[in-house]
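Chain residues, written in single-letter form:
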Amino acid sequence: MAGEAAIPLEVLDRVGDVAELVLAELDDVVEEMNAAELGQAPELAADAAMLADVSASNRANAARLLAMLIRREAEPATIDIPPEALDLARTVARRGIDFDVIFHAYRHGQNVAWQRYMSCAGRSVSSGPLLSLVLETASRRISSYVDHVIGRVIAAAQHEREEVLGGALARRAETVRLILDDAPIDAGRAGQRLGYDLNRWHTALVLWTQDSADVQGALESAATVLARTLTAHRPLTLSVGSGTLWAWLGTATAPVLEALRAAIDTVPPEVRVAVGPPREGISGFRRSHEAAVVIHNLLAGYPGGTRIALYQDLEITVLAAHDLDRAAEFVAATLGPLAMDTPTAARLRETVRVFLDEAENGPAAAARLHTHRNTVLQRVARATELLGRAPGQSRLATELALELAHQIGPRVLSRP
């Protein structure tokens, strides 16, 4: 941005004032940017890991750009690239996505941000020469920022593909993609390329964490720990996002997955895991992975969810949550006041969920909830009052609604 003509202080002040208004609406701006970019590049919406990287990059870029405008500097400092933007570039490279997608995504995101900036400027700056100067200055600086970032992130993506993904890792990623796309490929040859026996039973994992900083080693370590728990060979792993790892555990026979529940306590607490059902052969490799990805997509947006989720436990929940709007309507209609997204309603829901799961056995529910039997019964009585019926009535619907609320939280709950 060097070489700009001297900009009057009043213009810089108003540019910053408008940026502050846009920053106050950052959540909405990022949501619009996500929608615009995913609409033109569906490959960026492949799964929750990809979506998370896209959204994090958009938020970081928008926040950094607005902060630059808010500083009201006559000569803006050198543009720093947000780490989240570089993370997305590396993810695009690992997924084998064309780099043109990055360019077009940034331009669509830029259009959204500019439309919001103009809208805020129109509300806060009187029309006339001052408004024209404010928009001209902001447009020039926004374009300069985006142009600079696009160049840097595409260079980072190219470096990732050429330097980091060269050789064995590139072959691994390509082979895995062929299997997942159900391309005609011989299991023996594919297994040789992967160093992984595809003629065994496979349990697919998706490991992730909300905080993507310095976690790849933790995810790899967690996959190894879980493989040992099932007496599996060394896991086959593939990094697919800044905070997401795909893994497959190969075993001679179908493993019993219950052992994984205890093992999760031995891995770093920030790591969460979605576990597909054990399936045999090269088709089982793909089918188990597809199920694990479905679970990850369901749970990734809810930080308060379970740390390890087995598809066998969540299959019905997945089917019920296929349409989130309809699922939210169902939860609200079934649970009434208990569907509110409040701590009190959450406490009552969890008590009733465990109470029903324990066949309405108060002492057993109290033991699981680490509370007194009388407390459980008091909460159940309060829930009965709010529901207008005993929780055991319409049992199937009630248990399903409670499970939806327990697993995916705010996305199906009512705001106070």
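Residues numbered from 1 in each chain as written. Predicted model: local features only at pLDDT ≥ 70, side-chain atom pairs only at ≥ 80, totals over all residues. Heavy atoms only, no water.

In the nomenclature of an unreviewed UniProt entry, the protein is known as PucR family transcriptional regulator of Mycolicibacillus koreensis. Regarding the protein, the UniProt comment filed under Sequence similarities (unreviewed entry) reads as follows: "Belongs to the CdaR family." (UniProt positions renumbered as here; feature names shortened; annotations may be inferred.)

Let us now look at the overall build of the protein. Along the backbone of the protein there are 17 helices and six strands. Overall, the protein is about 75 × 60 × 35 Å in size when its C-alpha atoms are taken along their principal axes. Classification of the 416 residues of the protein by burial places 48% in the buried group. Summarising the internal contacts of the protein: among those between residues at least 6 apart in sequence, 74% fall at separations of at least 24. Of the roughly 19,300 Å² that the protein leaves accessible, carbon and sulfur atoms contribute 52%. (Helix = DSSP H or I, 4+ residues; strand = E, 2+ residues; numbered from the N terminus. Buried < 20%, exposed > 50% of the residue type's maximum accessible area, 1.4 Å probe, protein only. Contact = heavy atoms within 4.5 Å. Areas by Shrake-Rupley, 256 points an atom, 1.4 Å probe, with all protein chains shown as cover.)

Let's shift gears to helix α12 (residues 311-320). Along α12, the positions that sit buried rather than exposed are Tyr311, Leu314, Thr317 and Val318. For α12, the angular spread of the buried residues around the axis is 120°, confining them to a single face. For α12, the exposed residues set more than 90 degrees away from the buried face come down to Ile316 and Leu319. The secondary structure elements touched by the buried residues of α12 are β4 (272-275), α11 (281-299), β6 (308-310) and α17 (395-408). (Arc of directions from axis to C-beta.)

Within the largest apolar cluster, 54 residues are counted, with the highest numbers of intra-cluster contacts made by Leu44, Val92, Ile102, Tyr106, Tyr117 and Val153. Residue assignment for this core shows that the elements contributing at least two residues are α1 (9-24), α2 (26-40), α3 (48-70), α4 (83-95), α5 (100-124) and α6 (129-164). Examining the composition of this core, we find that 13 residues originate from one element, α6, more than from any other. Those residues in contact with Val153 that sit more than four places away from it in its chain are Ile81, Ala85, Leu86, Ala89, Ile102 and Tyr106. Counting residues in each nonpolar core, the second largest holds 49 residues, with Tyr196, Ala274, Leu298 and Leu335 among its members. (Core = buried A, V, L, I, M, F, W, Y, C linked by side-chain atoms within 4.5 Å.)

With 15 residues, helix α16 (residues 373-387) ought to run about 21 Å at 1.5 Å a step, and its terminal C-alpha atoms sit 21 Å apart, in line with that. For α16, the full list of buried residues reads Val376, Val380, Ala383 and Leu387. All buried residues of α16 project into a common sector of 60° when viewed along the axis, lining one side. Across α16 from its buried face, at more than 90 degrees, point the exposed residues Gln378 and Glu385. (Expected span 1.5 Å × (residues − 1).)

Bringing the packing of helix α14 (residues 343-357) against α17 into the picture now. Packing of α14 against α17 brings their axes to within 10 Å, and their N-to-C directions diverge by 130°. Relative to α17, α14 is oriented oblique. Crossing geometry of α14 relative to α17 is assigned as left-handed. When α14 is examined against α17, the residues Arg349, Glu350, Val352, Arg353, Leu356 and Asp357 are found in contact with a partner set consisting of Arg395, Thr398, Glu399, Leu402, Glu403, Ala405 and His406. Looking at the contact of α14 with α17, its residues break down into four nonpolar, two polar and seven charged. (Axes fitted to C-alpha atoms, helices over the stretch in contact; angles between N-to-C directions. Parallel < 35°, antiparallel > 145°, perpendicular 65-115°, else oblique. Left-handed = near helix turned anticlockwise from the far one by under 90°. Nonpolar A, V, L, I, M, F, W, Y, C, P; charged D, E, K, R; others polar.)

It is common to give the size of an interface as the accessible area lost on bringing the parts into contact. Domain parsing of the protein yields domain 1 (9-164), domain 2 (197-317) and domain 3 (323-411). One C-alpha centre belongs to domain 2, the other to domain 3; they are set 29 Å apart. The interface of domain 2 with domain 3 comprises nine residues on the first partner and nine residues on the second. Of the roughly 730 Å² buried between domain 2 and domain 3 on both sides combined, carbon and sulfur atoms contribute 62%. In terms of surface lost to domain 3, no three residues of domain 2 exceed Leu298, Tyr302 and Thr317, which account for 62% of the buried area on that side. (Domains from an automatic or database assignment. Buried area = accessible area lost by both parts, 1.4 Å probe.)

Here strand β2 (residues 236-241) lies mainly inside the structure; six of its six residues are buried. In this structure, β2 lies alongside strand β3 (residues 244-251), joined through five bridges in antiparallel fashion. Residue pairing in the sheet places Thr237 in a bridge with Ala247 of β3. (Pairing = 2+ DSSP bridges.)

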